[in-house]
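# Descriptive structure summary
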Amino acid sequence: MRQRANVGIFEVTGKPATVEVTVFLPDSKIAPSTQIPLPANGFVQIPMLQSFGLSNVYNARVSLRVVDGDGRIGAYGSMIDQVTQDPTYVPAQK
């Protein structure tokens, strides 16, 4: 595998939130998900494939939503080249 993917999540209103992260895999009826508690003004970056026990995934889609708390979130993705460690920013879409 030449690249790895991270997702960054940040809270923007000064209120805590619990974020559900779901990975939609191509050609699969199963979408693994997890919940991440995020403190007020907090930030977390998670390695996508490793966090879900996945490997060699191509063209997956990640969905984020607040499932608890009054906080609001922003997010981004990054692809990191395993050889050079150069990151590429991937903006979130609404």
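Residues numbered from 1 in each chain as written. Predicted model: local features only at pLDDT ≥ 70, side-chain atom pairs only at ≥ 80, totals over all residues. Heavy atoms only, no water.

## Digging into the overall build of the protein chain
Secondary structure assignment for the protein chain yields one helix and seven strands. Shown N-terminal to C-terminal, the secondary structure of the protein chain runs as helices and strands in the order β-β-β-β-α-β-β-β. Computed over C-alpha atoms, the radius of gyration of the protein chain comes to 14 Å, within 12% of the 12 Å expected from 2.2 N^0.38 for 94 residues, which places it in the range of a compact globule. Within the span of the protein chain, comprising 94 residues, buried residues form 30% of the whole. (Helix = DSSP H or I, 4+ residues; strand = E, 2+ residues; numbered from the N terminus. Rg over C-alpha atoms; globule rule 2.2 N^0.38 Å. Buried < 20%, exposed > 50% of the residue type's maximum accessible area, 1.4 Å probe, protein only.)

## Thoughts on the environment of Leu38
Tracing the sequence through the fold places Leu38 in strand β3 (residues 33-38). Sequence separation between Leu38 and Tyr58 is 20 residues; the distance between their C-alpha atoms is 28 Å. In this structure, Leu38 is in contact with Ile9, Phe10, Glu11, Pro16, Ala17, Val19, Phe43, Val44 and Ile73, ignoring residues within four places of it in sequence. (Contact = heavy atoms within 4.5 Å.)

## Some words on the sheet that holds strand β5 (residues 61-69)
Here three strands make up an open sheet; going across it, the order is β3-β2-β5 and the pairing antiparallel. Two strands bound the open sheet, and with one partner strand each, they are β3 and β5. Averaged over all neighbouring strand pairs, the angle between strand axes comes to 25°, with direction disregarded. Note: strand β2 (residues 17-24) against β3, six bridges, orientation antiparallel. Bridged to Val21 within β3 is Thr34. (Pairing = 2+ DSSP bridges. Axes fitted to C-alpha atoms, helices over the stretch in contact; angles between N-to-C directions.)

## Description of the side chain of Asp81
Topologically, Asp81 is positioned in strand β6 (residues 73-81). Look at Asp81 and you get buried, because its relative accessible area is 10%. Engagement of the side chain of Asp81 in a polar contact is seen with the side chain of Arg2, the distance being 3.0 Å. At a separation of 2.7 Å, a polar atom in the side chain of Asp81 contacts the main-chain amide nitrogen of Val83. Contact partners of Asp81, with chain neighbours within four places excluded, come to Arg2, Gln3 and Asp86. (Polar contact = N/O pair within 3.5 Å; in protein donor to acceptor, adjacent residues only side chain to side chain.)

## Concerning unusual backbone geometry
For Asn41, which is not glycine, the phi torsion reads 60° and is therefore positive. As for its placement among the helices and strands, Asn41 is situated in the loop between β3 and β4 (43-47). You can call Asn41 exposed: its relative accessible area is 56%. Backbone geometry at Gln85 places phi at a positive 65°, although glycine is not the residue there.

## With respect to the sheet that holds β4
Taken in spatial order, the four strands of this open sheet run β4-β1-β6-β7, and their pairing is antiparallel. Both edges of this open sheet fall to β4 and β7 (87-91), since each of them pairs with a single strand only. Across the sheet, the axes of successive neighbouring strands diverge by a mean angle of 25°, strand direction being ignored.

In short, geometric facts, not functional conclusions.
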